Amino acid sequence: MKITQISIFLENRKGRLYEVCSLLGKGGINIRALTIAETESFGVLRIVVDKPDEAVKLLKANSFVANITDVVAVEVSDKPGGLANVLKVLSENDVNVEYMYGFLEKAGDNAILVFRFEDTAHAQKILAANKINVVTSQNIKGL
Amino acid sequence: MIWNESVECADPKSLKQLQSQRLAKLVEYVHANCAVYRQMLDAAGVHPGDIKSIDDVKRLPFTEKTHMRDNYPTGLFSSQKDVVEIHVSSGTTGNPTVVGYTRDDIKLWSDVMARCLCCAGAEPGDTLQNAYGYGLFTGGLGLHYGALEMGLKVIPTSSGQTARQLKIMQDFKPRILSCTPSYSLFMAEEAKEMGIDPRSTSWEIGVFGAEPWSEQMRREIEEALNVLATDIYGLSEIIGPGVAQECTYKDGLHIFSDVFFPEIIDPQTGDEAKPGQVGELVITTLTKQAIPLIRYRTRDLVSINYEKCRCGRTSPRISKIRGRTDDMIIVRGINVFPSQIEHVLLSIDGTHPYYQLVVDRKARQLDELEVMVEVDEKIFSDEVKKLNDLREKIRKEIQAVLSISVKVTLVEPKTIERSMGKAVRVIDKRQK
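So, here's what we can say about the structure. Counting of residues starts from 1 at the beginning of each chain's written sequence and follows it residue by residue. Chain A is the first chain written and ligand 1 is the first ligand written, with later ones labelled in order. Restriction of local features to residues with pLDDT of at least 70 applies here, the model being predicted, together with a cutoff of 80 or more for giving and counting side-chain atom pairs; totals for whole chains, interfaces and linings are based on all residues. Each side-chain value is worked out from all heavy atoms of the structure, with water and hydrogens disregarded.

**A few points about the overall build of chain A**
Using the following cut-off: Secondary structure is summarised from DSSP: a helix means a run of H or I of at least four residues, a strand means a run of E of at least two, and numbering begins at the N terminus for each. Categorising residues by exposure relies on relative accessible area from a 1.4 Å probe, with only protein chains included: less than 20% of the type maximum marks a residue as buried, more than 50% marks it as exposed, and the intermediate range marks it as partly exposed. Contact criterion: two residues are considered in contact whenever any of their non-hydrogen atoms come within 4.5 Å of each other.
Looking only at helices and strands, one finds five helices and seven strands in chain A. Moving toward the C terminus, one meets the helices and strands of chain A in the order β-α-β-β-α-β-α-β-β-α-β-α. Looking at the 143 residues of chain A, the share that counts as buried comes to 47%. Considering only intrachain contacts with a sequence separation of at least 6, the fraction spanning at least 24 residues in chain A is 70%.

This is the structure in structure tokens:
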């Protein structure tokens, strides 16, 4: 099951991250996971939120460049070697990870990690075949 | 050799007589055949019979690029049924400009291009490698027609495919190369990488144009390729390449004033500029049929010299382009037009983003050119690598066009200053 990630282009300027978060906050949108990839002059903020459609609308209305990407939120056992076990399965099956980051909440005893795969469909097949749980967008709203 | 000696070396008096006859006929012709011009002439209070001498040209209204765009596609044509060829330029703002040629216009184009090639030192029997783009762009076909007219062997390599260009040069040993000046330097670099000494190429003469270039760039090209680098000037509205060309003395570009009558005006007032002064080049096409233009404002700033040239030609000489009446800037000796940056951005994924050029000069350092490009949804990606690749691609392509290093910065939308809704294209922070 894929979930929707929103990416936002940000210049490295004072207060820009605050402006995005404050905009989403006022819009009643809750951020569930977040990461920033940065370069010397700009960054890309990637977030998973409870109401992605509303969030994108709000961001665009406020002149942010934002797009959506399919990512997969994978449940990872929260103990030593938990992530390694998942990565082992992916690596053995030639699934390439573009980037990944952690969720703020846990799903029961499991940690949740967001994966951006090179080939999302293929990755989903491999995860399912190896009985690795993924989080649905419905679940995210409940987290 | 001089291709059309009777006009290129004509004495001023008989030239003026010819120009006068042609202008009278032209005004009569456009008045009878083009509704747009009829209205313009009527509004200016000019009747065809009033025009008796070339000096009367000053009574005629100016034609601007907007007249062509507003009357898209063929409203400014004076002949429709005899048109045998159509060229369409890229429209960076609004409608593209359309030009047409009758069979006689093609003959005219062939003749003036043959004059250009001879000016540069070509001799019948020489081989020309024509690396101007063939197609809607007038560069490729213009050179081609001229080469056929004067009896050159033409290899229509068109632009691009540099390795192949160099192989063809090695195998067919063309003496003349025609392309944009920046592409000639690019080929020199590629040659080096392929293990070919660029100074040992078969090219002896370069006919370089279609973009502004400096004397410094000429020295670079002549040094890199061991060629005589000559400048050709033209614009598709007038005919394409073939309006003016340097002879081997490289002391101004001979403008073929028997067919393209030049005036230099003050771009603000429209009045005639003082002799020798830089002003806007205005051209009247005296003999064209499909789309003759009266007092067309080229937006190019040049000066003009009416003295007879050492080569024997009496045709007046215009200087290299000194500037533009629009947004052009000069960075490290290179003329930079915002439209060049616009073309590069347009060629990358077909996007048309807002951009701005910022020129700065730190103490005792070279000028720096930074190109700010607003990121829009079409070019945005969640992957930083792709954005960096894009930035690098833009940087490389701009550098290939401008031949100077630039810094490209991606910025958020609406961060580039707009004035009256239009982006401010150039910010010059250099101390004057």
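**Focus on the side chain of Ser 178 of chain B**
All names here are of chain B. Test applied: Distance and chemistry together define a polar contact, namely a pair of N or O atoms within 3.5 Å, with one atom able to donate a hydrogen and the other to accept it when in protein, and with adjacent residues in sequence counting only for side-chain atoms on both sides.
Structurally, Ser 178 can be placed in strand 5 (residues 176–179). We classify Ser 178 as buried; its relative accessible area is 0%. Of the polar contacts made by the side chain of Ser 178, one reaches the side chain of Asn 130; its length is 2.8 Å. Ignoring sequence-local partners within four residues, the contact set of Ser 178 consists of Leu 128, Gln 129, Asn 130, Ala 131, Tyr 132, Leu 143 and Val 207.

**Describing the packing of helix 2 (residues 12–33) of chain B against helix 3 (residues 35–43) of chain B**
Residue and element names in this part refer to chain B. To be explicit about the condition: Whenever a helix is involved, its axis is fitted only over the stretch in contact; in every case the axis is a line through C-alpha atoms, and angles between N-to-C directions fall within 0 to 180 degrees. Crossings are assigned a handedness: left-handed for a near helix turned anticlockwise from the far helix by less than a right angle, right-handed for a clockwise turn. Classes in brief: Ala, Val, Leu, Ile, Met, Phe, Trp, Tyr, Cys and Pro nonpolar; Asp, Glu, Lys and Arg charged; the others, Gly included, polar.
Close contact between helix 2 and helix 3 brings their axes to 6 Å; oriented N to C, the two are set at 115°. At the point where helix 2 passes helix 3, the crossing takes the left-handed sense. The residues of helix 3 that touch helix 2, namely those facing Val 27, Val 30, His 31, Ala 32 and Asn 33, are Ala 35, Tyr 37, Arg 38, Leu 41 and Asp 42. Per-class residue counts for the contact of helix 2 with helix 3 are six nonpolar, two polar and two charged.

**Looking at the environment of Ser 89 of chain B**
Residue and element names in this part refer to chain B. Note on placement: Ser 89 falls in the loop between strand 1 (83–88) and strand 2 (98–102). For Ser 89, a relative accessible area of 22% translates into the label partly exposed. Through-space distance from the C-alpha of Ser 89 to that of Phe 137 is 6.5 Å; in sequence the pair is 48 residues apart. Contact partners of Ser 89, with chain neighbours within four places excluded, come to Pro 96 and Thr 97.

**Things to note about a nonpolar patch on the surface**
Residue and element names in this part refer to chain A. Where we set the bar: Put simply, a patch holds well-exposed residues, over 30% relative accessible area, that have no salt bridge, with like charges counted together within 9 Å and Val, Leu, Ile, Met, Phe, Trp or Tyr side chains within 5 Å. Methods summary: accessible areas were calculated by the Shrake-Rupley approach with a probe of 1.4 Å, and residue burial reflects only the protein chains presented. Salt-bridge detection follows one rule: a side-chain nitrogen of Lys or Arg within 4 Å of a carboxyl oxygen of Asp or Glu.
Taken together, Leu 83, Leu 87, Val 97 and Met 100 make up a surface patch of nonpolar side chains, about 250 Å² in accessible area. Of all the elements in the fold, those that place two or more residues in the nonpolar patch are helix 3 (82–92) and strand 5 (97–107). Tracing the sequence through the fold places Met 100 in strand 5. Since its relative accessible area comes to 32%, Met 100 is described here as partly exposed.

**Comments concerning the sheet that holds strand 10 (residues 260–265) of chain B**
Residue and element names in this part refer to chain B. To be explicit about the condition: For two strands to be treated as a pair, DSSP must find no fewer than two bridges joining them.
Spatial ordering of the open sheet is given by 10-11-12-15, a layout of four strands whose pairing is antiparallel. The sheet terminates laterally at strand 10 and strand 15 (323–324), the two strands that pair on one side only. Alignment of strand 12 (residues 296–302) against strand 15, held across two bridges, turns out to be antiparallel. Across the sheet, the residue bridging to Asp 300 is Arg 324, located in strand 15.

**Some remarks on the interface of chain A and chain B**
Interface size is commonly expressed as the accessible area that is lost once the parts come together. Threshold: Buried area: the accessible surface (1.4 Å probe) lost by two parts on joining, summed over both.
Contact residues are listed per partner, giving 23 residues for chain A and 18 residues for chain B. In total, chain A and chain B occlude about 1700 Å² of area from one another, counting both sides; carbon and sulfur atoms represent 55% of this. It is Phe 9, Phe 42 and Val 65 of chain A that lose the most area in chain A upon contact with chain B, and together they represent 33% of the buried surface on that side. Across the chain A-chain B interface, the total number found is five salt bridges. A salt bridge links Glu 412 of chain B to Arg 16 of chain A; the shortest N-O distance between them is 2.2 Å. Scanning the region where chain A abuts chain B turns up nine residue pairs in polar contact (both at pLDDT 80 or more). If you list the elements that add at least two residues to the side of chain A that touches chain B, you get strand 1 (3–11), strand 3 (42–49), strand 4 (66–77) and strand 5 of chain A. A per-element tally of the side of chain A that touches chain B places strand 1 of chain A first, with six residues.

**Focus: helix 6 (residues 138–150) of chain B**
All names here are of chain B. Note the threshold: By this rule, a helix spans an expected 1.5 Å times one less than how many residues it contains.
Counted at 1.5 Å a residue, the expected span for helix 6 with its 13 residues is 18 Å, and the 18 Å between its end C-alpha atoms agrees. A large share of helix 6 lies buried, amounting to 11 of its 13 residues. All of the buried residues along helix 6 are Thr 138, Gly 139, Gly 140, Leu 141, Gly 142, Leu 143, His 144, Tyr 145, Gly 146, Ala 147 and Met 150.

**Remarks on the packing of helix 5 (residues 103–119) of chain B against helix 6 of chain B**
Residues and elements named next belong to chain B. Quick reminder of the rule: What sets the label is the angle itself: under 35 degrees gives roughly parallel, over 145 gives roughly antiparallel, 65 to 115 gives roughly perpendicular, and the rest give oblique.
Closest axis-to-axis distance for the helix 5/helix 6 pair is 7 Å, and the angle between their directions is 80°. The angle between helix 5 and helix 6 falls in the class roughly perpendicular. Contact residues: helix 5 offers Ile 106, Trp 109, Ser 110, Asp 111, Met 113, Ala 114, Leu 117 and Cys 118, while helix 6 offers Thr 138, Leu 141, Gly 142, Leu 143, Tyr 145, Gly 146, Ala 147, Glu 149 and Met 150. Classifying every residue of the contact of helix 5 with helix 6 by side-chain character gives 11 nonpolar, four polar and two charged.

**Some thoughts on the environment of Cys 247 of chain B**
Residue and element names in this part refer to chain B. Tracing the backbone through its elements, the reader meets Cys 247 in the loop between strand 8 (240–246) and strand 9 (253–255). With 127 residues separating them in the primary sequence, Cys 247 and Ala 120 have C-alpha atoms 5.0 Å apart. In this structure, Cys 247 is in contact with Cys 119, Gly 252, His 254, Cys 309, Cys 311 and Arg 313, ignoring residues within four places of it in sequence.

**As for the packing of aromatic side chains**
What counts, and what does not: For this analysis, a ring pair means two rings from Phe, Tyr or Trp (six-membered ring only for Trp) whose centres lie within 6.5 Å, classed as stacked if their planes differ by under 30 degrees, edge-to-face if by over 60, and tilted for the remaining angles. Distance and angle both matter: a charge sits over a ring if NZ of Lys or CZ of Arg is within 6 Å of the ring centre and within 35 degrees of the ring normal.
Taken as a whole and judged by the stated rule, the model has seven aromatic pairs over all chains. Ring centres 6.1 Å apart and planes at 80° place the aromatic pair Phe 9 of chain A and Phe 380 of chain B in the edge-to-face group. Pair noted here: Phe 9 of chain A is in strand 1 and Phe 380 of chain B is in the loop between strand 19 (367–374) and helix 11 (384–402), and the two residues belong to different chains. For the pair shown, Phe 9 of chain A and Phe 380 of chain B are each scored as buried. Following the ring pairs from residue to residue traces out a cluster consisting of Phe 9 and Phe 42 of chain A together with Phe 380 of chain B. The ring of Phe 62 of chain B carries the charged tip of Arg 297 of chain B above its face, separated from the ring centre by 5.0 Å.

**So, the nonpolar core**
Residues and elements named next belong to chain B. To keep it simple, the criterion reads: Only buried residues count toward a nonpolar core, which is a set of Ala, Val, Leu, Ile, Met, Phe, Trp, Tyr and Cys residues joined through side-chain atoms within 4.5 Å.
Of all hydrophobic cores here, the largest spans 68 residues; its most connected members are Leu 23, Leu 60, Trp 109, Leu 117, Val 243, Phe 260 and Ile 318. Per-element accounting of this core gives the leading share, nine residues, to helix 5. Beyond its immediate stretch of four places on either side in the chain, Trp 109 contacts Glu 85, His 87, Tyr 101, Thr 138, Leu 141, Gly 142, Tyr 145, Ile 239, Gly 240 and Pro 241.

**Looking at unusual backbone geometry**
Of the consecutive residues Tyr 72 of chain B and Pro 73 of chain B, the connecting peptide bond is found in the cis state with omega at -5°. Along the polypeptide, Pro 73 of chain B turns up in the loop between helix 4 (65–70) and strand 1. In this structure, Asp 94 of chain A is a non-glycine residue whose phi angle is positive, near 55°. With respect to the helices and strands, Asp 94 of chain A occurs in the loop between helix 3 and strand 5. Positive phi, close to 50°, is recorded for Lys 173 of chain B, a residue that is not glycine. Tracing the chain through its elements places Lys 173 of chain B in the loop between helix 7 (162–172) and strand 5. You can call Lys 173 of chain B exposed: its relative accessible area is 56%.

Nothing here speaks to function; it is geometry throughout.
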